[in-house]
Amino acid sequence: RAARPLRALVIEKAEVVGGTTAWSHGGLWLPDNPLLHEAGLDDSVSDALEYLRHVVGDQGPATSPVRHQAFVRGGRQLIEFLRLEGVPFRRILDYLDYHPEAPGAREDGRMVATPMLDARRLGDWQDLPRPRPPLPGGLVMHSVEQFRNLLAVGVSARAKLDVARIVAESVSMRLRGVKPLVMGQ
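Criteria and cut-off values
Residues numbered from 1 in each chain as written. Predicted model: local features only at pLDDT ≥ 70, side-chain atom pairs only at ≥ 80, totals over all residues. Heavy atoms only, no water. Salt bridge = Lys/Arg side-chain N within 4 Å of Asp/Glu carboxyl O. Helix = DSSP H or I, 4+ residues; strand = E, 2+ residues; numbered from the N terminus. Buried < 20%, exposed > 50% of the residue type's maximum accessible area, 1.4 Å probe, protein only. Contact = heavy atoms within 4.5 Å. Axes fitted to C-alpha atoms, helices over the stretch in contact; angles between N-to-C directions. Parallel < 35°, antiparallel > 145°, perpendicular 65-115°, else oblique. Left-handed = near helix turned anticlockwise from the far one by under 90°. Nonpolar A, V, L, I, M, F, W, Y, C, P; charged D, E, K, R; others polar. Polar contact = N/O pair within 3.5 Å; in protein donor to acceptor, adjacent residues only side chain to side chain.

(A) Fine view of the pattern of salt bridges. Summed over all chains, the structure comprises ten salt bridges. Note that Asp 127 is salt-bridged to Lys 179, the shortest N-O span being 3.1 Å. Here the residue Asp 127 occupies a position in the loop between strand E4 (117–118) and helix H4 (144–151), and Lys 179 occupies one in the loop between helix H5 (157–176) and strand E5 (180–181), the gap between them amounting to 52 residues. Asp 162 is paired through a salt bridge with Arg 165; the nearest N and O atoms lie 3.4 Å apart. Placement of both Asp 162 and Arg 165 in helix H5 is noted, with a separation of three residues, approximately one turn of the helix. By relative accessible area, which is 48% here, Arg 165 ends up partly exposed. Where salt bridges share partners, they join Asp 32, Arg 76 and Glu 80 into one cluster.

(B) Structural context of the side chain of Asn 149. Position of Asn 149 relative to the elements: it lies in helix H4. Overall, the relative accessible area of 18% leaves Asn 149 in the buried class. When residues no more than four places from it in sequence are discounted, the contact partners of Asn 149 are Ala 159, Asp 162 and Val 163.

(C) How the structure looks around the packing of H4 against H5. It is the contact of H4 with H5, at a shortest axis distance of 8 Å, that shows an interaxial angle of 120°. Judged by the inter-axis angle, H4 sits oblique to H5. Judged by the sense of rotation from one axis to the other, the crossing of H4 with H5 is left-handed. Within the contact between the two elements, H4 uses Gln 146, Asn 149 and Leu 150 and H5 uses Ala 159, Asp 162, Val 163, Ile 166 and Glu 169. Its residues placed into classes, the contact of H4 with H5 shows four nonpolar, two polar and two charged.

(D) Structural detail: the environment of Asp 118. Along the polypeptide, Asp 118 turns up in strand E4. Expressed as a C-alpha distance, the spacing of Asp 118 and Met 173, which sit 55 residues apart in the sequence, is 9.5 Å. In contact with Asp 118, other than residues within four places in its own chain, are Val 178 and Lys 179. A polar contact is formed between the side chain of Asp 118 and the side chain of Arg 120, at a distance of 2.6 Å.

Nothing here speaks to function; it is all geometry.
Right, here's the structure in full:
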């Protein structure tokens, strides 16, 4: 199903792949991405570049204006290419840019992520992704939104309901032998 008949080479010094990304929430900050436009939200290369100029600046070759351009323009292409390869993406809602006061920032955010994947789909590679630190009770959370609700469980009825769903889903996955890869793995 690949767009081009290419072979992948993964070079990793550890026995597992993923590095510290496996411990992150797995979101990608990608300005001017197709998911924003599909949701009817306007974003632009110029706004994103203005934001990066203000927040990051030019501190040398790794943060040069040329690198900013490549990152901003490449993010859209990355999402489009990976979607053609069958990788699903979703917007992370209500995740504003880290510096919302900066010129070019978006209050509705630019973050995207992939949904949970059952590692069993990876066949012989299923044990290669770096394990996440375990959550209490074996809970499996696969979105920033679920994590927010866990933090708000004492103050919101909706959060309590969502945490009950997280617990039920985690038990169900364990009983079915699902090997969840979530939030950065």
